[in-house]
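The chain contents come next:
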Amino acid sequence: ASRAEGEPASPLERRVGLGARIGAFALGLALLAGLAGFGRLAAELSTGIIVSGMTAIALYAGAKVVNSVIAYALTARPLRHLNMVRHHGLMVLVRLQRGVAWAFGLWWLSFLLEAFSLRDVAFEGVHSLFTAGLSVGQLSISVGGVLAFALTFYGSYLLARLLTFVFEEDVFPRVRLARGVPYALSSLSRYAILFLGFVVALAAGGFPLDRVAILVGGLGVGIGFGLQNVVNNFVSGLILLFERPAQVGDSIQLRESALFGVIRRIGIRASVIRTWDGAEVIVPNGVLISDSFTNWTLSDRQRRLEIPFGVAYGTDPKRVIELIRQAASEVENVVDHPEPAVDFKAFGDSSLDFLLRAWIRDFDVGLSTRSNLVVAINDTLVANGIEIPFPQRDLHLRSVSPEARPAPAALEAEPES
């Protein structure tokens, strides 16, 4: 389909436009060369431009066909049922079309060099550039080795991101796993791919793998002296992923620092905890392993609320228990099993003291549910004419200083009407 007016050009169309402008410029040079008497140069330029131009047109048409096939495949079965296509279809389409543009662009570059008889020269130049390097003793570093190392490691990074994306979108949602296991598997697979990618990148860069053990041994000595905390936090992160005492999305409370918040991410060295005030605190993984903490949502998100209240003396306790229990059961987010319970605690100084215990369904809305329960208690007591007492004290004066006593004339004076 043709591009609509005002719609930005695709990367492939921009490259084709750039190639057309370069071809027009080269044809102008060929014309000038012919007018100047350089007939062979003009013939080589014009022939190369015509051949490369026709090849570009054919490849452009082929790229458009491939892009159309990709777009149709993403809307047809079975790809359209994939979660990553349903949720991120546009992103997947753009990434695939970008890959097609680069592939056809490199293909056309090969035809272009062949049309101008420059392929062998270009390959020899690239080979000479890649083999150039520096040797120090037994250590030899080449440009090609460094580039191979960088590209291999970057490829492993992209592969790790791709597998993590596929796992989170289409594998884990279709498999019944315990909570926290998908995140642990995703993180461990990402670390494993990056580690293997690093080893393969060393081999691709020309680094002898038999010396890796020596390098690892040297690093182990250095780690033992100076990087104990880093290794401790890394191993603690692995323990968190395997043992899962705290998982992403859990609400935890640290004992030492009294930090209370939700775990957002468990990283290699540290975890990110977002407090209820909105701050994000970076906590080393070693702290979560060595110190005790309270996990409010480890097995489920239910929590029990306790709300004390009192009524005036002379009120029937059985009636209060029944009314408050019924009112609490009607509050949103309060579960039916176990049902709310009201206990008569004690005879207070100025009231009969009760305690409401109610289990709520979602810990995240605990504060608002507590507020709703308090409002329900107040409304129920007021609606049924039950007095909510407040502390009262009787003051008995044994003596009053002469300065504080009122004058007799003031006592006898009558207020004016």
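Use the structure listed above.
Here's a quick rundown of the structure. Think of each chain on its own: its residues are numbered from 1, step by step along the sequence as written. Given that the model is predicted, a residue must reach a pLDDT of at least 70 before its local features are reported, and side-chain atom pairs must reach 80 or more before they are shown or counted; all residues, however, enter totals for whole chains, interfaces and linings. Working from all heavy atoms in the structure, the side-chain values ignore hydrogens and water.

### A short note on a nonpolar patch on the surface
For step 1, the next point in the chain: Patch membership needs two things, relative accessible area over 30% and no salt bridge, and members are linked within 9 Å if like-charged or within 5 Å if nonpolar (Val, Leu, Ile, Met, Phe, Trp, Tyr). For the area figures, the Shrake-Rupley method with a 1.4 Å probe applies, and any residue is considered shielded solely by the protein chains shown. Put simply, a salt bridge is a Lys or Arg side-chain nitrogen that is within 4 Å of an Asp or Glu carboxyl oxygen. A surface patch of nonpolar side chains, about 490 Å² in accessible area, is lined by Val-126, Leu-129, Phe-130, Val-143, Leu-147 and Leu-151.
For step 2, the next point in the chain: Counting only elements with at least two residues in the nonpolar patch, the list comes to α4 (119-131) and α5 (143-171).
For step 3, the next point in the chain: Each helix is a run of H or I in the DSSP string that is no shorter than four residues. Each strand is a run of E no shorter than two, and both are numbered from the N terminus. Mapping Phe-130 onto the fold places it in helix α4.

### Regarding the pairing of strand β4 (residues 260-266)
The side chains of a regular strand alternate, residue by residue, between the two faces of the sheet.
For step 1, the next point in the chain: A strand pair is defined by DSSP finding two or more bridges across the two strands. Bridge count between strand β3 (residues 251-254) and β4: three bridges; the pairing is antiparallel. Bridge pairing links Gln-253 to Phe-260 in β4.
For step 2, the next point in the chain: Counted between consecutive antiparallel strands, the loop separating β3 from β4 contains five residues, among which Ala-258 sits at a positive phi close to 55°.
For step 3, the next point in the chain: Taking the residues that link successive antiparallel strands as the turn, the β4-strand β5 (residues 270-275) hairpin has three residues.

### Looking at the sheet that holds strand β10 (residues 352-360)
For step 1, the next point in the chain: Spatial ordering of the open sheet is given by β8-β10-β9, a layout of three strands whose pairing is antiparallel. Every interior strand has two partners, whereas the edge strands, β8 (303-311) and β9 (341-347), have only one. Strand-to-strand twist in this sheet, taken as the mean axis angle between neighbours without regard to direction, amounts to 25°.
For step 2, the next point in the chain: Residue contacts are counted whenever heavy atoms from the two residues lie within 4.5 Å of one another. Axis geometry follows a simple rule: fit a line to the C-alpha atoms, using only the stretch in contact for helices, then measure angles between N-to-C directions, giving values from 0 to 180 degrees. Sheet strands in contact with helix α10 (residues 317-329) are β8, β9 and β10, and its direction is about 25° off that of β10.
For step 3, the next point in the chain: Each of β8 and β10 is contacted by helix α11 (residues 366-383), which is oriented at about 30° to β8, the strand it contacts most.

### Concerning the packing of aromatic side chains
For step 1, the next point in the chain: A pair of aromatic rings is counted whenever rings of Phe, Tyr or Trp (Trp by its six-membered ring) have centres within 6.5 Å, and the orientation is called stacked for planes under 30 degrees apart, edge-to-face for over 60 and tilted otherwise. Under the defined criterion, the tally for this structure stands at 16 aromatic pairs.
For step 2, the next point in the chain: Ring geometry for Phe-153 and Phe-198: centres 6.3 Å apart, planes at 85°, overall edge-to-face. Residue Phe-153 is found in helix α5, and its partner Phe-198 is found in helix α6 (residues 181-204); the two are separated by 45 residues along the sequence.
For step 3, the next point in the chain: Remark: exposure states derive from per-residue accessible area (1.4 Å probe, protein chains only) relative to the maximum for the residue type, with buried under 20%, exposed over 50%, and partly exposed in between. Judged by relative accessible area, Phe-153 falls into the partly exposed class, the value being 33%.

### Points about the nonpolar core
For step 1, the next point in the chain: Joining through side-chain atoms within 4.5 Å is the link that ties buried Ala, Val, Leu, Ile, Met, Phe, Trp, Tyr and Cys residues into a set, and such a set is a nonpolar core. In terms of nonpolar packing, the biggest core is built from 21 residues, with Phe-309, Val-311, Ile-324, Phe-354, Leu-356 and Leu-373 touching the most fellow members.
For step 2, the next point in the chain: Examining the composition of this core, we find that five residues originate from one element, β10, more than from any other.
For step 3, the next point in the chain: Formed by 14 residues, the second largest nonpolar core is a distinct cluster that contains Ala-184, Tyr-191, Leu-240 and Ala-246.

### Some points on the sheet that holds β4
For step 1, the next point in the chain: Ordered in space as β6-β5-β4-β3-β7, the five strands form an open sheet in which the pairing is antiparallel. The open sheet has two free edges, formed respectively by β6 (280-284) and β7 (293-295), since each of these has just one partner strand. In this sheet, neighbouring strand axes are inclined to one another by 40° on average, regardless of whether the strands run parallel or antiparallel.
For step 2, the next point in the chain: Bridge analysis of β3 against β7 gives three bridges, and the strand direction is antiparallel. Residue Ile-252 lies in a different strand from β7, and its bridge partner there is Asn-295.

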